[in-house]
Amino acid sequence: GRTLERTTNLANGIIASTWFDGCMGGSPGIAYTTCNEPLTFNEVNYQSSTANDAGDWIELRNNTSNAINISGWIYKDEINANQFLVPSGTSINAGEHLVLYSDFTKFTTQHSVTNKIGPFLFDLVNTGEVLRLYDAAGKIQTSLFYLPNNGWPDSANAKGKTMELINPISNINLAVSWKNSCKNGTPAVINGSNC
C-alpha cells in the first residue's frame, strides 16, 4: 500500500539508499509530507525476553478524532496464509490503542490490559517482518516493515523491551520513527508512560 519516495529530487535513482517507503497511497502530484494515517502500528513486541515472556503482540493506534470500527478486518504478517480476523464489534476509540496478542496466558501474565483481542496464531520473526492490516473490503489500510538492525531499535530483540513509535504522526516505515520502549513495553497506553 506504500510507494517509494526519493530522498531528494537530485538523488541518484539507481542507488537504493536514495529511496524510502512513503505514506499509504503515496503522494502523487505533490511533494512528500509527514504521514498522518488514521490507523497505525504503534508498538511491536516481536521477541520477548525469556524472563518476561509476553508472547508476540502488536498495538494499533487510532490517530483520528472519531472511533474506527475494525470489525471483520484482517491482520497479516508477510505470509498471506497467516491471518487474524478481527472479531465483530471491535472498534478503537479516538486517540486510543488496541493490542492484538498471540498467547493469552503469556500476555496476561505480564500485562493488565482491557483493550486487547487475540490470539493470532503465527509468530513474528526477529530477522525482519512485514505487518499488514486490511479492512473488511480487503483494502490495505496500513503496513509496517521492520528490521532488527539498520537503525531500528535493537532492544526489542529478546532484551526485555518493545519497539515503539516516537510520534504517531510520522512515517512508520522509517527506522528513525521508532525507539526502544521502557521495560516490557506499554501496551494499550501512551508510549513511554511507564518509564
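As shown above, the structure is provided for reference.
To start, this report covers the structure provided alongside it.

1. Remarks on empty space enclosed by the protein
A full pass over the atoms with the stated rule returns one cavity of 30 Å³ or more. A volume near 50 Å³ is recorded for the largest cavity. If you trace the largest cavity, you find it lined by N45, S48, S49, N52, A54, H111, G160, K161, T162 and N184.

2. Looking at the layout of surface pockets
In this structure, the largest pocket encloses a volume near 270 Å³. Along the walls of the largest pocket sit 14 residues, with W19, F20, D21, N173 and L174 positioned nearest its centre. With three residues, the single largest contributor to the lining of the largest pocket is strand β2 (residues 19–24). The residue inventory of the lining of the largest pocket, partitioned by class, reads nine nonpolar, four polar and one charged.

3. Comments concerning the sheet that holds strand β12 (residues 140–146)
Sheet strands line up and pair through hydrogen bonds in the backbone, either parallel or antiparallel. Taken together, the four strands give an open sheet; going across it, the order is β7-β6-β11-β12, and neighbouring strands pair in antiparallel fashion. Each end of this open sheet is capped by a strand with a single partner; those strands are β7 (83–85) and β12. Within this sheet the neighbouring strands show an average axis-to-axis angle of 15°, counted without direction. Here three bridges tie strand β6 (residues 74–76) to strand β11 (residues 129–134), and the two strands are oriented antiparallel to one another. Within β11, the position partnered with K76 by the bridge is R132.

4. Some points on the side chain of T18
Summarising the element assignment, T18 is placed in the loop between β1 (2–6) and β2. For T18, the side chain forms a polar contact with the main-chain oxygen of I15, separated by 2.6 Å. Contact partners of T18, with chain neighbours within four places excluded, come to E5, R6, T7, A11, N12 and G13.

5. Regarding the sheet that holds strand β13 (residues 163–165)
Sheet architecture is open: six strands sit in the order β10-β9-β4-β3-β13-β14, paired in mixed fashion. Sheet topology places β10 (116–117) and β14 (178–180) at the edges, where each strand pairs with a single neighbour. Across five bridges, the pairing between strand β4 (residues 57–62) and strand β9 (residues 97–101) is antiparallel. Within β9, the residue paired with E59 across the bridge is V99.

Cut-offs applied
- Residues numbered from 1 in each chain as written.
- Predicted model: local features only at pLDDT ≥ 70, side-chain atom pairs only at ≥ 80, totals over all residues.
- Heavy atoms only, no water.
- 1 Å grid on protein atoms, 1.4 Å probe; cavity = no way out; pocket = protein on both sides within 12 Å on 5 of 7 lines; lining within 4 Å.
- Points joined across faces, edges and corners; volume = space filled by probe spheres on them.
- Helix = DSSP H or I, 4+ residues; strand = E, 2+ residues; numbered from the N terminus.
- Nonpolar A, V, L, I, M, F, W, Y, C, P; charged D, E, K, R; others polar.
- Pairing = 2+ DSSP bridges.
- Axes fitted to C-alpha atoms, helices over the stretch in contact; angles between N-to-C directions.
- Polar contact = N/O pair within 3.5 Å; in protein donor to acceptor, adjacent residues only side chain to side chain.
- Contact = heavy atoms within 4.5 Å.

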